[in-house]
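These are the residues of each chain, in order.
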Amino acid sequence: MDFLENLSRQLEDIRLDGTNVRAEFPCPRSVLRYLNDQESMNDPNNLTNASNLENGIDNEDTPENQSRIRTRKRLQRRQKQKIKSLYEKHNINPNEQNRSTTNTTEPLSNQKDFYLDYMQLDDVKKGLESGDLFEGNIRISQKCPTEAYVPSPDKSKDILINGIRSRNRALDGDKVVVKILDKSNWRNPDTEDCQRTGLVVYVTSSKENRIVVGSLIVDRGVIHRYSTLIPRDCRIPRLLVDTSIWPFPIELRDGTKESKELFYAVFSRWDNYKTPFGVLKGVLGESGKINAETEGILIAHDIQEHPYPENIDKYFPPPFSVEEELKHRKDFRKNCIFSIDPPTAKDLDDALSCVPLPNGNFEIGIHISDVSYFVKQGTPLDEIAEKLATSVYLIQKVYHMLPPALTMMASLLPGTDKLAVSITLEMTPDASVISHSFSQSIIHSCAQLHYAHAQIFLENPDKKDWDESEFPTVYNGYTVSDCATAVSHLHKLAALMRERRFGSGALAINQPKLSFEIDRATCEPLSYSLYILHESNWLIEEFMLLANTMVAEHLKTHFPTTAMLRNHHAPDVAPMEKVVKLLKTHDIDIDFTSAGSIHKSKAVYCQGENSKNSHWDIIINNILSKPMVRAEYCVIDPDRIMSHFALNVPYYTHFTSPIRRYPDIVVHRMLISWLTNKPIKEYEDPKIIDKIAINSNDKKNNAKKASEASADIYAACLIGKLGGLKVDAAIMEVKENYFEATVLSMNMNVRVYVNISHNNPDLLHKVCKFLIFDNKPTLVVWWDNKGENKQTLQLFDKVKLKLLKRENCLKLRAILIRDE
């Protein structure tokens, strides 16, 4: 076998027409796929020629191809002669070797019957009807991929699917049928921490064409066709992929079997074997580089870079006529209207106006871009937007839901007439709404303010002599001072609205967002900071929440069976109880009977930056966010509770961001159909709205995960450039072999392993012990072998960490260091 390995390596080093070759032996025909002209073979999407060569097919009509065939045959003869001489030198019978190779093409002979066979469908149906089985969506733990969970049918603690055998080939997000195991197989039976366990007996539905991104481990040698794709997402199993049919050389890192490049593949089949099969589809670039890793994020989360064809502009509407539109729209063009957004924002969905009335009240205008005018229902433009469902925000780029040109057409840019859907409110000085109305409108925004500009206004309420050069251009005859006065009025009203909202039972779990300054030429990170929300952010938030709530109430009344809503359920009791119990051991009492009680009780311990334990804010918010469920789009259902738990309102929807969210466009169309008395036939079917909601939930979740993954790779890239970073962190969870900590300057969670083993050769402490001390999970580490210098680690403790970038990928490793 040593000879065979050496022979394989010699064959791999052969150059054919200037190209490195990884050959399968003893079948020299496999080298043919590398003999295409270099230009076409460098295109990973052009597999036609390679496929034809592999199947012995070629077009001999052209002189180019005839020349190529002659060259190929000549190289074949040379290759065969070299193989023959190697055989003769080592006295090997090639026929015997052929038989040996053939017998090893199936790599899973020792993995047969690794999983239980699925139940028959008829038996599944009977089990569901009798209650012996139940159905639900499985979610695999990202922190511990051997554990998965399915919501319990009785709404109690989730059912644990413990181990990959019990998961039985189910992938994250699949709808599965589960059988609860005997009590003897439960985790911690007969204790307060009892966790029922289950077995997947059937997969009802699974995502088609699931794409997997990762690095290849290439099994070099003469008897291997298959290589292993190691996914970037640890929840996805490793795939066996046939690299003998891959038409390009696979470059390996020096001294390893790991590919230098990042690949992507699709699941092809998963029989009753431990490892599924996949098919390589493409290469993304060098592993560990920003561009390649970002491509991997996009592909893994089903996000298209260029979803629209070049001729999509033929579906754009012609420029609107103000005269025609004013026949059915209100004219707000003379009002002092402005937008307040981040400085990089291009999709300006919303704008506000505030006009004092003679009776002391205020006329508030909430103006939202009328995207439905630009995206006509049923057009190819609409169909693509519906599939995309949302814009995706990565660190270096925004992938807009709408074509960029249309985004600019719809954005409420200042200094030009724009179409909007407006809510006009009369509001008292104590922020009570006396009356409201909906209308299609035309506006003329006078300024595009940033949050920083609005914040300056709020911090200088008495200032009148503003330097116009320090602010954006103000149009329509208004001044910076006019904008400052309107912002001040809106802020006073928003502050009262916010106080009243939380006083009546709303909940907010605020988590500062990590942001980066990047080099626009290279997309590499230069620095990082936490984006802290200020009063100007709250101002916009309050009026957008008010608008969404008012539209939801209106839709509930006028579209009682098809209204598109945003639903948020209360957290599951069992995980919430676990969190509350943990906090109780640290003398933190959280009342979780309602959203308002959670907010009020946590506020006692979250005292802001001036607190001596300011890091408690971040840790408590992070811990309480864990058991919370995601809000979802849905079609109204009279038989279900449709309330929004965190906002504590009976009905809520999304209306205020139609440029970046498709559900908002649906809501706009419904509202306009009521205003114009023109019913939309398609929207009279709840199934159609439900289908849109399901897709929008999926796309929104993918967008959120992609955004988080983008921040993670940028953090790793920056820390790699710095050669490591020493940071302060606070512990948010303690386990036997590790603890979870939040890096305070980045609000980023990291796992810190402390168990001494060959897998952790770079740990700096000498001994580690896990124990329960005073009902608190505790880790004790000793920094010397004498047992004299020790450190105790519990929830909320501050620690010093060193962050390092892992080799050859954009992932972080955190190491506990001594706080001198």
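Scroll up a little and you will see the structure.
Keep in mind the model is a prediction, meaning the values are calculated, not measured. (Residues numbered from 1 in each chain as written. Predicted model: local features only at pLDDT ≥ 70, side-chain atom pairs only at ≥ 80, totals over all residues. Heavy atoms only, no water.)

Chemist: Could you give me a rundown of the overall build of the protein chain, with the residues and numbers involved?
Modeler: A tally of regular secondary structure across the protein chain gives 20 helices and 34 strands. Split into buried and exposed, the 820 residues of the protein chain put 50% on the buried side. Nonlocal contacts in the protein chain, meaning residues at least 24 apart in sequence, comprise 66% of its contacts between residues at least 6 apart. Of the accessible surface of the protein chain, which amounts to about 40200 Å², a share of 49% is contributed by carbon and sulfur atoms. (Helix = DSSP H or I, 4+ residues; strand = E, 2+ residues; numbered from the N terminus. Buried < 20%, exposed > 50% of the residue type's maximum accessible area, 1.4 Å probe, protein only. Contact = heavy atoms within 4.5 Å. Areas by Shrake-Rupley, 256 points an atom, 1.4 Å probe, with all protein chains shown as cover.)

Chemist: Pulling in residues and values, what's your account of the pattern of salt bridges?
Modeler: Opposite charge on two side chains permits them to pair, given that their charged atoms come into close proximity. One pass over the structure, following the stated rule, counts 32 salt bridges. Note that glutamate 733 is salt-bridged to lysine 143, the shortest N-O span being 3.9 Å. With glutamate 733 in strand E27 (residues 725-734) and lysine 143 in the loop between strand E4 (139-140) and strand E5 (147-150), this residue pair connects regions lying 590 residues apart in the sequence. Residues participating in the shared-partner salt-bridge network are Lys143, Lys626, Glu733 and Lys735. (Salt bridge = Lys/Arg side-chain N within 4 Å of Asp/Glu carboxyl O.)

Chemist: I'd like a description of the sheet that holds strand E22 (residues 447-450), backed by residues and values.
Modeler: If you walk across this open sheet you meet the 7 strands as E14-E21-E20-E17-E16-E15-E22, and the pairing is mixed. At either margin of the open sheet sits one strand with a lone partner, and together these are strand E14 (330-331) and E22. Note that strand E15 (residues 337-341) and strand E16 (residues 350-356) share 2 bridges and pair antiparallel. From the neighbouring strand, phenylalanine 338 faces E16, where its bridge partner is leucine 352. Lying on the sheet, helix H14 (residues 480-503) is in contact with E15, E16, strand E17 (362-369), strand E20 (417-427) and E22; it crosses E16 at an angle near 95°. (Pairing = 2+ DSSP bridges. Axes fitted to C-alpha atoms, helices over the stretch in contact; angles between N-to-C directions.)

Chemist: Before we move on, can you summarise the environment of serine 536 with the specific residues and values?
Modeler: Structurally, serine 536 can be placed in helix H15 (residues 535-558). Residues serine 536 and alanine 452 lie 84 residues apart in sequence; the distance between their C-alpha atoms is 7.7 Å.

Chemist: Please provide a residue-by-residue account of the nonpolar core, values included.
Modeler: Among the nonpolar cores identified, the biggest contains 85 residues, and Phe338, Ile364, Ile366 and Phe543 are the most heavily contacted of them. With 10 residues, H15 is the single largest residue contributor to this core. Discounting residues that sit within four places of it in the chain, isoleucine 364 has contacts with Ser353, Cys354, Ile423, Thr424, Leu425, Met427, Leu490, Leu493 and Phe543. Core analysis: the next-biggest nonpolar cluster, separate from the first, contains 45 residues, Ile290, Ala703, Ile731 and Val734 among them. (Core = buried A, V, L, I, M, F, W, Y, C linked by side-chain atoms within 4.5 Å.)

Chemist: Lay out helix H18 (residues 615-625) with the relevant residues and their values.
Modeler: Since the α-helix packs 3.6 residues into each turn, any two residues three or four apart lie on the same face. Counting buried positions over the 11 residues of H18 gives 10, a clear majority of the element. Along H18, the positions that sit buried rather than exposed are His615, Trp616, Asp617, Ile618, Ile619, Ile620, Asn621, Asn622, Ile623 and Leu624. Looking at the buried side of H18, the elements it contacts are helix H16 (573-584), helix H17 (595-603), E27, strand E28 (738-743), strand E29 (748-753) and strand E33 (798-805).

Chemist: How would you explain the sheet that holds strand E34 (residues 812-817) if you had to name every residue and give the values?
Modeler: The strand order across the open sheet formed by 5 strands is E29-E28-E27-E33-E34, and the pairing between neighbours is antiparallel. Strands with a single pairing partner mark the edges of an open sheet, and in this sheet they are E29 and E34. Shown here is a sheet whose adjacent strand axes are inclined to one another by a mean of 45°, direction ignored. Along the sheet, helix H20 (residues 686-722) makes contact with E27, E29, E33 and E34, crossing E33 at roughly 85°.

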